[in-house]
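So you can see what is in the structure, the chains are spelled out below.
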Amino acid sequence: MLVLPRESRKLFKDPFGTLHRDMNTVLPELAGRIVYTVGDVVTHNLQKNGITPAIAVVDGQTMRSPCSRMPELSGECIRVKNPPGTITDDLVKALTYAVDHPPVTIMVDGEEDLAVIPLVIAAPPSSVVLYGQPREGIVLRTIDDGAKAAAKELLMQFARVGT
């Protein structure tokens, strides 16, 4: 399991992609692309606009409170444990599997926020990852070599614990 040290958490406050204020500005960017989502609200809002993500990573929470807009689950559903501030090996395995077998919903027991990092690494070029930036909007990250390198750089901030 990878654990994000407290002193590195500030690196994850800024958007890891382009910040959009609402879904209407995101939708034109999605045409013809494979779309992945991390977060219940962004997944729900995308589905409300007629787009089902190839992978949806959700935890039933929004800003650490129960989510009242639970998205509809599509395709296979994989359940994984992922405590806050971590990226578990099971989460990484589920994301890698899901990229090759869409559509998949990954239901996280714990916290899904950091799933963006391994998802960007696993996702194919030209696909997009969407996630919510609390109180600010939606972050869109187009997958290219730069995105993968930046995600790997962020992953180096984590400490491995256990086996």
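In case you missed it, the structure is sitting above this.
S.K.: Any details on the overall build of the protein? Residues and values, ideally.
M.R.: Of regular secondary structure, the protein possesses 5 helices and 12 strands. Here the C-alpha atoms of the protein give a radius of gyration of 14 Å, agreeing with the 15 Å that 2.2 N^0.38 yields for 163 residues. C-alpha atoms of the protein, sized along the principal axes, occupy 40 × 30 × 30 Å. Of all 163 residues assigned to the protein, the portion counted as buried reaches 46%. Within the protein, contacts between residues at least 6 apart in sequence are counted, and of these 69% link residues at least 24 apart. Summed over its atoms, the accessible surface of the protein is roughly 8400 Å², and 52% of this surface lies on carbon and sulfur atoms. Distance between charge centres in the protein, computed from 17 positive and 19 negative side chains, equals 4 Å.

S.K.: Give a description of the environment of Ala151 that names residues and reports values.
M.R.: Along the chain, Ala151 turns up in helix H5 (residues 145–155). Sequence separation of Ala151 and Phe16 is 135 residues, and the distance between their C-alpha atoms is 8.7 Å. Among residues more than four places away in sequence, those in contact with Ala151 are Phe16, Ile117, Val120 and Ile121.

S.K.: Tell me about helix H3 (residues 89–100), and name the residues and values.
M.R.: Across its 12 residues, H3 extends 17 Å between first and last C-alpha, which sits within 8% of the 16 Å expected from 1.5 Å per residue. All of the buried residues in H3 are Leu91, Ala94, Leu95, Ala98 and Val99. All buried residues of H3 lie within an arc of 135 degrees about the axis, which places them on one face of the element. Away from its buried face, by an angle of more than 90 degrees, H3 presents the exposed residues Lys93 and Asp100. Residues of H3 that are buried in the fold lie against strand E3 (35–38), strand E4 (55–58), strand E7 (76–82), strand E8 (86–87), strand E9 (104–110) and helix H4 (116–122).

S.K.: Tell me about the pairing of E3, and please be specific about residues and values.
M.R.: Looking along a regular strand, one sees the side chains alternate between the two faces of the sheet. Residues of E3 alternate between two faces, with Val35 and Thr37 on one and Tyr36 and Val38 on the opposite face, all of them buried. As defined by bridge partners, E3 adjoins strand E10 (residues 128–133) across 4 bridges and the pair is classed as parallel. Of the residues in E10, the one forming a bridge with Val38 is Tyr131. Pairing between E3 and E4: 3 bridges, direction parallel. Paired with Val38 across the two strands is Val57, which belongs to E4. In this region the chain leaves E3, passes through helix H2 (residues 40–48) and returns to the parallel neighbour E4; the handedness of that crossover is right-handed.

S.K.: Quick one: what's the story with the environment of Asp22, residue by residue and with numbers?
M.R.: Within the secondary structure layout, Asp22 lies in the loop between strand E2 (18–20) and helix H1 (23–26). A residue is classified by how much of its surface remains accessible, and Asp22, at 35% relative accessible area, is partly exposed. For Asp22, the side chain forms a polar contact with the main-chain nitrogen of Asn24, separated by 3.0 Å.

S.K.: Give me the sheet that holds strand E12 (residues 159–160): which residues, what numbers.
M.R.: One open sheet accounts for 3 strands, arranged E8-E1-E12; its pairing is antiparallel. The strands lining the two open edges of the sheet, one partner per strand, are E8 and E12. Sheet analysis places strand E1 (residues 2–3) next to E12, joined by 2 bridges and oriented antiparallel. By the bridge assignment for E12, Leu2 is matched with Arg160.

S.K.: So what about the sheet that holds E3? Which residues, and what values?
M.R.: Taken in spatial order, the 7 strands line up as E2-E11-E10-E3-E4-E9-E7 in an open sheet, and their pairing is mixed. The open sheet has two edge strands, E2 and E7, and neither has a second partner. If you compare each strand with its neighbour and ignore which way they point, the axes differ by 20 degrees on average. Summarising the sheet, E10 and strand E11 (residues 137–142) pair through 6 bridges and their orientation is antiparallel.

S.K.: Outline the nonpolar core, listing residues and values.
M.R.: By size, the foremost hydrophobic cluster in this structure holds 34 residues, and its most contacted members are Tyr36, Ile55, Val57, Leu91, Ile106, Leu119 and Val120. For this core, the secondary structure elements donating two or more residues are E3, E4, E7, H3, E9, H4, E10 and H5. Apart from the residues within four sequence positions on either side, Ile106 is in contact with Ile55, Ala56, Val57, Val58, Ile78, Val80, Leu91, Ala94, Leu95 and Ala98. Among the nonpolar cores identified, the runner-up in size contains 10 residues, and Val26, Leu46, Val128 and Ile138 belong to it.

How each quantity is defined
Residues numbered from 1 in each chain as written. Predicted model: local features only at pLDDT ≥ 70, side-chain atom pairs only at ≥ 80, totals over all residues. Heavy atoms only, no water. Helix = DSSP H or I, 4+ residues; strand = E, 2+ residues; numbered from the N terminus. Rg over C-alpha atoms; globule rule 2.2 N^0.38 Å. Buried < 20%, exposed > 50% of the residue type's maximum accessible area, 1.4 Å probe, protein only. Contact = heavy atoms within 4.5 Å. Areas by Shrake-Rupley, 256 points an atom, 1.4 Å probe, with all protein chains shown as cover. Lys, Arg positive; Asp, Glu negative; His and termini not counted. Charge placed at Lys NZ, Arg CZ, Asp CG, Glu CD. Expected span 1.5 Å × (residues − 1). Arc of directions from axis to C-beta. Pairing = 2+ DSSP bridges. Right-handed = clockwise from strand over helix to strand, strands pointing away. Polar contact = N/O pair within 3.5 Å; in protein donor to acceptor, adjacent residues only side chain to side chain. Axes fitted to C-alpha atoms, helices over the stretch in contact; angles between N-to-C directions. Core = buried A, V, L, I, M, F, W, Y, C linked by side-chain atoms within 4.5 Å.

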